[in-house]
Amino acid sequence: MRAVLGRDLRLAVRAGGGFGLGLAFFLIVVVLVPFGVGPETEILSRIAPGILWVAALLAALLSLDRIFALDHEDGSLPLLATAPLPLEGLALAKALAHWLTTGLPLVVAAPILGVLLHLSGPGMLWLLVSLAIGTPALSLIGTFGAALTVGLRRGGLLLSLIVLPLYVPVLIFGAEAARRGADGLSVATPLLLLGGIGLGCAALLPFAAAAALRVTLR
Amino acid sequence: MRAVLGRDLRLAVRAGGGFGLGLAFFLIVVVLVPFGVGPETEILSRIAPGILWVAALLAALLSLDRIFALDHEDGSLPLLATAPLPLEGLALAKALAHWLTTGLPLVVAAPILGVLLHLSGPGMLWLLVSLAIGTPALSLIGTFGAALTVGLRRGGLLLSLIVLPLYVPVLIFGAEAARRGADGLSVATPLLLLGGIGLGCAALLPFAAAAALRVTLR
Amino acid sequence: MLEGVSFRVAPGRGLVLRGPNGIGKTTLLRAIAGLQPPLSGRVEGAGERAGYASHADGIKPALTVAETLGFWADLYRAELPEAVYDWFDLADLRDRPAGTLSAGQGRRLGLARLAVIGREVLLLDEPTVSLDAASVRRFAAFIRDRHLAQGGIAVLATHIDLGLELPEIDLTPHRAAPEARGGSDEAFL
Amino acid sequence: MLEGVSFRVAPGRGLVLRGPNGIGKTTLLRAIAGLQPPLSGRVEGAGERAGYASHADGIKPALTVAETLGFWADLYRAELPEAVYDWFDLADLRDRPAGTLSAGQGRRLGLARLAVIGREVLLLDEPTVSLDAASVRRFAAFIRDRHLAQGGIAVLATHIDLGLELPEIDLTPHRAAPEARGGSDEAFL
Amino acid sequence: MSIWSYANPRKFLDTTGPWVPWLMWLSAAVLAVGLVWGFFFTPEAERFGSSVKIIYLHVPSALMAINAWLMMLVASLIWLIRRHHVSALAARAAAPVGMVMTLIALVTGAIWGQPMWGTWWAWDPRLTSFLILFLFYLGYIALWTAIPDPDQAADLTSVLCLVGSVFALMSRYAVNFWNQGLHQGASLSLDKQENVADVFWVPLLVCMAGFVLLFVALVLLRTGTEIRLRRIRALRARARRAETVPA
Amino acid sequence: MMDLGRYAAEVISAWGASLALLGGLVWWSLRRDRQVRAELEKTERDNG
Ligand code: HEM
Ligand SMILES: Nc1ncnc2c1ncn2[C@@H]1O[C@H](COP(=O)(O)OP(=O)(O)OP(=O)(O)O)[C@@H](O)[C@H]1O
Ligand SMILES: Nc1ncnc2c1ncn2[C@@H]1O[C@H](COP(=O)(O)OP(=O)(O)OP(=O)(O)O)[C@@H](O)[C@H]1O
Ligand SMILES: [Mg+2]
Ligand SMILES: [Mg+2]
């Protein structure tokens, strides 16, 4: 698993690996939103947690199709599948690599970009916490979706449509936690639920993804 | 020019052409935003024009790299360049094809999706008008950016970075017009300015794009 | 790249360029087609009259054979003669998406494009790659009996024998000496 | 597509597939490589041991020659023998982005990849397209003196003469009759 | 003798090379005077308190951020029209300097905004247009580094600079139209200098002069670096050809 | 040290950040210039 992880991380950082892509997209959304909705501080700070969450989710969504597609195209997926690593482990490694290259940078960048949207101090803290808890779930769900659509024509579009509804609970609880945090309310409930979703995903989705891979590889 | 246009449209509609991609992305953003920022009607209807504009812009941005990249990869770009069609015409045809496959569907879909964000009746009208005037400029600017980055490593990321600041004036005037329209204010000035930008882009950018293509083909 | 190459080709005549990999055949053809400026020297009389076929065929997998040829005919405002399908043995493949063609069938489609665009000067870069012997003969016949016979010009780069009786230029002796170099580096030397 | 083809290749031996365009050489090689299931019939003993070179070289224009080879070596956890650059005459091109190579140089790079991945069974689809005569000889020498001499297996599809003394199979007589058809459609016929 | 003769790389290096150290030291001296004066020997302003001292870095860097782009625009035009390599390389050399200036203006402004407006960031037109300018610099530099062939890179970045300038101007007006803003008017600008007491104005002027000198020195230095890099490239290319091609 | 009043933190951090950025830019430019000069000399020696 460590080998796959290292290889994926290296590939992501190298040319064309799309390491910066998610982050750049996140930045783009956050810079553009004020031009769209107008510069009023109250409005911006009101919608900031939600927009940042949606932007993070989109950034994760856009980088999903790289999880398996590149390996599928150049034929390394069958080779990986026959390696002495169970497919569940492969799926987990892939999800982890995706999180490290996409989710983690987003978590780190979110508070900085929050400044642009007038996010309040506690808002930043809770945004960071909720993203840190929620983005791994995004990567896991995405890996499952990617496994379902490996090698399909129009895979990218299909992938988005499949993953989108699965993302909704994460988004709801994550954004709710960030919003409550920004308003100074209690954040315990949504964060707990978010953590629960994350753990559930980690426990179940690698198996689902492995099952999907087994079918797509046939 | 008509031939290129027809071919690009046909290719876009066929499998893998990415016709639905922009639209799907647009839909996704609009669906996710209420989950992110919360369900309050006033807030949503307040930010609706801006969010719809930003979403349209992102959808256009994401589909830009197909404008020339595919033709570059399979070697048809030099063949097109030696055809009896000036490169300016090629750039214009490409921009038009991009608009017809990405911009136009967005314009049509925007009012429908506006319902999801509680956009008011006049808001929808003016959103539609402002998108109809503004999205061609987005396609033209994007074609220029795509011409600059044909065949580069990390072209996609670079393209977004280059095009992003160029999109700002269009977004500002477009969203401003839609917002004013939604609030029942006069929309003449921003729409005029938007139209001016569009005309200016149509008059100048094909030349810039052709100049860039001439250099990249060299 | 190359130095001291100079030729004229009269209407109805052809020319074959030969030389090892990387000598500059493609570069020369692209320069003639006007796709890249020569470091020095001139190209006369080609430009608008030239049609260029590169190593890559520029075939879109999603378009059918007939649509592909139709597109090029449209773009060059030419008609699409029915006979092209016979010349290049494509009749059975008409409505197949180009992406499902075999390599040689795809190449035939790429060559058929040249018959469609109706240019006087054809610049062909290794046109017979992937073709079997019968297809090579069919292609040679097209060049000889249709294109050249109607006063066209053909400049071909190839590594194999096409069975066309055309004058040949071997580019090997023209490889540029290392110092000979126009271009922008010069200002910094 | 094809019917009644059957062969075994012993270690250290090679086989050349011949046949006109579109007969099914590529399809057969892909089936052997496990990239597509044969409509009927079996493939034995290839799978994990096979390396496949298709019509397209799968070369990323942005990576340099050295990076490309290094990547494949990495991916197959093999070492990158320095000598590959000599075998395929790529030494001077090491640090050139693959996108700037000429057609033949690119093809040489694609072939060098096969020497790097260290697979026993090489499936080569028209490997010498675009190569000049000297490069074809160099490639043949590689197959004969390095790959086969070390007990490797090579199955090549080609239209031209490679100067390798290998048994050949002409696929023309094996063209499938239109009714012969396996696959899951069968249940509905 | 025409001024274009300096567009010859060798001549440019020979001429400007010796100036660079002098310019460096001169700008350091002027900057030191202006900054020390501004930091230690100016009073507090009644509305800003001691925070007014930020102005000695904020305004000069903001000025240079814009001027650097203008210089790049001119250099790009010269390259496109007359194809003098030095001007293309000068534009390339100026971009990172301009970007750092933009960054300084943004950072000092943001820090200043906290006590003055109670926020790090506001979508004020001037601030916003600086953010956009920063993005332009980023894209411009990224394009330079992404293209391997230097002439091609020079051509494409020049086109981008031209188009970008037009759009930068448009965004300035767009942003103004969009939001009226909090930022100080041009109360210190040259034609209205009576608006401001000389105690602030004179050291600020010294600082501006220091920034201009520093900019010129850095651009000359970096242009020299770029020319040398090109020369290394050309020499290597020639050597490689000599190896490959049997004479 | 002089008294900067209640804006001390802002002034010092603004000056610190700016001077660090300026210094970094100058240092980086000088260092790169020195490296490139050395490399050019080497290249000229190797293949004059
Ligand atoms: C990130 C934010 C900021 C940016 C990008 C920015 C940008 C600029 C620019 C471009 C200028 C030069 C204008 C000219 O000379 O005409 C300027 C001047 C100035 N800025 Fe800022 N600024 C920012 C924040 C602030 C803040 C927060 C303050 C203080 C409240 C401030 C106070 C000033 C003053 C006093 C001037 C001099 C105005 C004059 O020219 O008279 N700026 N700023
Ligand atoms: N962008 C580039 N930068 C540097 N060298 C290049 C570039 N493009 C081509 N070359 C080199 O120029 C030479 C001529 O290339 P060209 O493609 O014309 O060769 P060719 O004669 O067509 O060869 P082939 O038979 O292999 O197609 C080659 O050595 C090639 O590597
Ligand atoms: N997806 C597909 N649908 C229908 N026919 C196909 C498809 N893919 C390939 N074919 C056909 O199958 C036949 C065999 O193709 P294949 O690529 O194996 O030929 P080949 O012997 O390699 O020819 P070449 O020498 O031209 O490369 C061809 O007639 C081709 O048109
Ligand atoms: Mg060639
Ligand atoms: Mg084949």
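Owing to the predicted nature of the structure, the values given are computational and were not obtained by experimental measurement. (Residues numbered from 1 in each chain as written. Chains lettered and ligands numbered in written order. Predicted model: local features only at pLDDT ≥ 70, side-chain atom pairs only at ≥ 80, totals over all residues. Heavy atoms only, no water.)

Asker: Any chance you could explain the pattern of salt bridges here in plain terms?
Answerer: When their charged atoms lie close together, side chains carrying opposite charge are able to pair. Taken as a whole and judged by the stated rule, the model has 29 salt bridges over all chains. Between D:Glu82 and D:Arg94 there is a salt bridge, with its nearest N and O atoms 3.2 Å apart. A residue pair is termed long-range when its members are at least 10 positions apart, and D:Glu82 in the loop between α2 (65–75) and α3 (84–87) and D:Arg94 in the loop between α3 and α4 (103–117) qualify at 12 residues. Among the salt bridges present, the one from E:Asp151 reaches E:Arg230, with a minimum N-O distance of 3.5 Å. Of the two residues, E:Asp151 sits in helix α6 (residues 150–178) while E:Arg230 sits in helix α7 (residues 198–244), which places them 79 residues apart along the sequence. Like E:Asp151, the residue E:Arg230 is buried in the burial classification. Each of the salt bridges in this network shares a partner with another, and the network as a whole consists of B:Arg7, B:Asp8, B:Asp71, B:Lys94 and C:Lys60. (Salt bridge = Lys/Arg side-chain N within 4 Å of Asp/Glu carboxyl O. Helix = DSSP H or I, 4+ residues; strand = E, 2+ residues; numbered from the N terminus. Buried < 20%, exposed > 50% of the residue type's maximum accessible area, 1.4 Å probe, protein only.)

Asker: It is not clear to me how the site of ligand 3 should be interpreted in this structure. Could you clarify?
Answerer: Inspection of the region around ligand 3 gives 17 residues, with C:Arg96, C:Ser102, C:Gly104, D:Thr26 and D:Thr27 positioned closest. With respect to ligand 3, the chains having nearby residues are chains C and D. In the environment of ligand 3, an oxygen atom lies 3.4 Å from a nitrogen or oxygen atom belonging to the backbone of C:Ala103. Note that an oxygen atom of ligand 3 is positioned 2.9 Å from one of the backbone N or O atoms of D:Gly22. Considered on its own, ligand 3 offers 650 Å² of accessible surface; in the complex 76% of this is hidden by protein. Elements represented by at least two residues in the shell around ligand 3 include exactly α4 (103–117) of chain C together with α1 (25–33) of chain D. (Near = heavy atom within 4 Å. Polar contact = N/O pair within 3.5 Å; in protein donor to acceptor, adjacent residues only side chain to side chain. Areas by Shrake-Rupley, 256 points an atom, 1.4 Å probe, with all protein chains shown as cover.)

Asker: Mind showing me how you'd approach the packing of aromatic side chains here?
Answerer: What characterises a pair of aromatic rings is the spacing of the ring centres plus the angle enclosed by the ring planes. All names here are of chain E. All told, the structure shown has 14 aromatic pairs over all chains when counted by the stated rule. Considering the side-chain rings of Trp-69 and Tyr-140, the 6.1 Å spacing of their centres and the 65° angle between planes classify their relative orientation as edge-to-face. Placement of the pair is Trp-69 in helix α3 (residues 55–82) and Tyr-140 in helix α5 (residues 125–146), with a sequence separation of 71 residues. Residues Trp-69 and Tyr-140 agree in their burial class; the two are buried. A centroid spacing of 5.6 Å and a plane angle of 85° characterise the contact between Trp-121 and Trp-123, whose relative ring orientation is edge-to-face. Across this residue pair, the class does not change: Trp-121 and Trp-123 are buried. Members of the aromatic cluster, joined through ring pairs, are Trp-69, Phe-136, Tyr-137 and Tyr-140. (Phe/Tyr/Trp six-rings, centres within 6.5 Å; stacked < 30°, edge-to-face > 60°.)

Asker: What is the right way to read the site of ligand 2 from this model?
Answerer: Lining the immediate surroundings of ligand 2 are 17 residues, of which C:Thr26, C:Thr27, D:Arg96, D:Ser102 and D:Gly104 lie closest. At the site occupied by ligand 2, the surrounding residues belong to chains C and D. Contacts to ligand 2 include C:Asn21, whose side-chain N or O atom sits 3.0 Å from an oxygen atom. Between C:Lys25 and ligand 2, the recorded distance is 2.6 Å, taken from a backbone N or O atom to an oxygen atom. In isolation ligand 2 exposes 640 Å². Once the protein is present, 77% of that is buried.

Asker: Quick question: what am I supposed to make of the interface of chain F and chain E here?
Answerer: Frequently, the measure chosen for interface size is the accessible area that the parts lose on association. Listed per partner, the contact involves 31 residues of chain F and 41 residues of chain E. Of the roughly 3300 Å² buried between chain F and chain E, counting both surfaces, carbon and sulfur atoms make up 74%. Between chain F and chain E we count four salt bridges in total. For F:Arg32, the salt bridge is made with E:Glu226, and the minimal N-O distance between the two is 2.7 Å. (Contact = heavy atoms within 4.5 Å. Buried area = accessible area lost by both parts, 1.4 Å probe.)

Asker: Would you take a moment to explain the side chain of E:Thr157 for this structure?
Answerer: Residue and element names in this part refer to chain E. Mapped onto the elements of the fold, Thr-157 is located in helix α6. Residue Thr-157 is classed as buried on the basis of its relative accessible area of 0%. There is a polar contact of 3.4 Å between the side chain of Thr-157 and the side chain of Trp-144. What Thr-157 contacts, discounting residues up to four positions off in sequence, is Tyr-140, Leu-143 and Trp-144.

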